Amino acid sequence: MKKVFSLNGLDRSGKTTQFDSLKANNVLVYSGKSIFDYSCIPKLKGEPLFNWWFMEGDTFDVVRRIYSAVSHRNKDISSANYPLIVVNRGDRMFDAVCSATIAVREGVSIEEASRLTNIVKSGLDFNSLSEDQSIFYKTGDSSTEMLTLSQSRSPISTFSKKADEIYGRYQSILADILNRQLKAGLYSQVINSREGIDIVAKRTHETVMHEMTKDLNLSRLGRVMGLGGLSECGKSSIGKHMADSLGFNRIKIGQVIDGVSAKYVNALSERKLNVYDLGEEMLAVLFVEKLADLGSTIDSGIVLESLHNYKFTKKVKDILGNGFHIVYVDAPLDIRVTRNAVDVGNIQTSKIEIERKDTKKLSRGAHLIRGIADDVIDNSGSLMNTFKQLETILAKW
């Protein structure tokens, strides 16, 4: 999986806030370099950079350098093996930026500025960015409204009265170009950034998660049953029975997660991360992706062992929906201890071992999975009785 999102909008539209939020909340996200990190752009800051961009540098050389830096950024992104890539401004946004720059510097119309921008861009070996979603943060229904709200949030302090006048004209022209792009439907997702930050963040998150899950090849999975429960409750016995007697493909959850780790080993290594550092939501998405890669070679479906993490399980359920049938296997502690004693030698050792394992699983919310389970199997009796309950579940599934 590799999904690329660009965040676009006028200055102070909220795109940078959402950009920073996505990076903070998704540890395995690649954001690429800023265009100012590439040698195409002079190593200037503050007033010298502003003067070069808007007053002193040759207009068309400025635009060429901007596009060259963007091209280098896009090339770096194309080679990055990350599941989630988020960039501050996509190609369409930079088209608008360059056109506005030419318009304000050369005193030409937007149409002429756009034509000249295309000429400069076409003269370069430009690497386009393949964007899965281009999100635009809209601050108004017209270019005037967009500009007014953006400027009211926190006016940018420039360096002189002349600089203020130039930058004001640039922002006004940019708002006009962006509004034209919006009307032409050039952005795949438009979010009203006049709403509160939390609502904008929620809509951004929903857009990202929908895009990351919508193309998962779930048809390869068939039916998937996940077995949950505390230590020695009988999950493995049921899973083995489903594989040996009922023809299910028995897969250990750890096996799939190891596959996720192997697939993104370079990205994880770069960030000095363990696959479990990804958080339940991202791990669930990549888990389902890998599970779909494995597929089900058997018509009966897949049985997964074992569900221990409540939040992770719930996220997998959210993605797979009714295609994921959760079965919680229940058995009292004394029965679990007695059964385990056969393997470890005595009741006391068994009790200590079970309680130790349970403590770890309870800390992950393993017991809470019962609350979201589609069915519960009472495994306090014989295996024959347990398998009969399983047969009933499978018959109605």
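For the structure, see preceding data.
1. Some details on the sheet that holds strand S6 (residues 224-228)
To summarise the sheet geometry, strands pair through backbone hydrogen bonds and adopt either a parallel or an antiparallel arrangement.
Link 1 in the chain: Pairing is parallel across the open sheet formed by 5 strands, whose spatial order is S7-S8-S6-S9-S10. The open sheet has two free edges, formed respectively by strand S7 (249-252) and strand S10 (375-378), since each of these has just one partner strand. The mean inter-strand angle of the sheet, taken between neighbouring strand axes irrespective of direction, is 25°.
Link 2 in the chain: Inspection of the sheet shows S6 paired to strand S9 (residues 324-330) by 5 bridges, in the parallel sense. Looking at the pairing, Val224 lines up with Phe324 of S9.
Link 3 in the chain: Against the sheet, helix H9 (residues 235-244) touches S6, S7, strand S8 (302-307), S9 and S10, its axis set at about 170° to S8.
Link 4 in the chain: In the packing of helix H13 (residues 310-320) onto the sheet, contacts are made with S8 and S9, and the angle to S9 comes to roughly 150°.

2. Observations regarding the pattern of salt bridges
Link 1 in the chain: According to the stated counting rule, one finds 30 salt bridges in the structure shown.
Link 2 in the chain: Put simply, Lys214 and Glu211 hold a salt bridge, and the shortest N to O gap is 3.7 Å. Within this pair, Lys214 and its partner Glu211 are both found in helix H8 (residues 197-214), separated by 3 residues, close to a single helical turn.
Link 3 in the chain: Overall, the relative accessible area of 42% leaves Lys214 in the partly exposed class.
Link 4 in the chain: Beyond isolated ion pairs, a larger network of salt bridges with shared partners links Lys3, Glu211, Lys214 and Asp215.

3. Focus: the packing of helix H1 (residues 15-25) against H8
Link 1 in the chain: Closest axis-to-axis distance for the H1/H8 pair is 11 Å, and the angle between their directions is 60°. Relative to H8, H1 is oriented oblique. Viewed along their axes, H1 and H8 form a crossing whose handedness is right-handed. Residue-level inspection shows Thr17, Gln18 and Leu22 of H1 in contact with H8, the latter providing Ile197, Val200, Ala201, Thr204 and Val208.
Link 2 in the chain: In the contact of H1 with H8, the residues fall into 5 nonpolar, 3 polar and no charged.

4. Focus: the sheet that holds strand S4 (residues 133-138)
Link 1 in the chain: The 5 strands are arranged S2-S3-S1-S4-S5 in an open sheet whose pairing can be described as parallel. Strand pairing shows two members of the sheet lacking a second neighbour, strand S2 (29-30) and strand S5 (189-192), which therefore form its edges.

5. Observations concerning the environment of Asn266
Link 1 in the chain: Here Asn266 lies in helix H11 (residues 265-270).
Link 2 in the chain: Counting along the chain gives 14 residues from Asn266 to Lys252, while the straight-line C-alpha distance between them is 24 Å.

Rules used in this analysis
Residues numbered from 1 in each chain as written. Predicted model: local features only at pLDDT ≥ 70, side-chain atom pairs only at ≥ 80, totals over all residues. Heavy atoms only, no water. Pairing = 2+ DSSP bridges. Helix = DSSP H or I, 4+ residues; strand = E, 2+ residues; numbered from the N terminus. Axes fitted to C-alpha atoms, helices over the stretch in contact; angles between N-to-C directions. Contact = heavy atoms within 4.5 Å. Salt bridge = Lys/Arg side-chain N within 4 Å of Asp/Glu carboxyl O. Buried < 20%, exposed > 50% of the residue type's maximum accessible area, 1.4 Å probe, protein only. Parallel < 35°, antiparallel > 145°, perpendicular 65-115°, else oblique. Left-handed = near helix turned anticlockwise from the far one by under 90°. Nonpolar A, V, L, I, M, F, W, Y, C, P; charged D, E, K, R; others polar.

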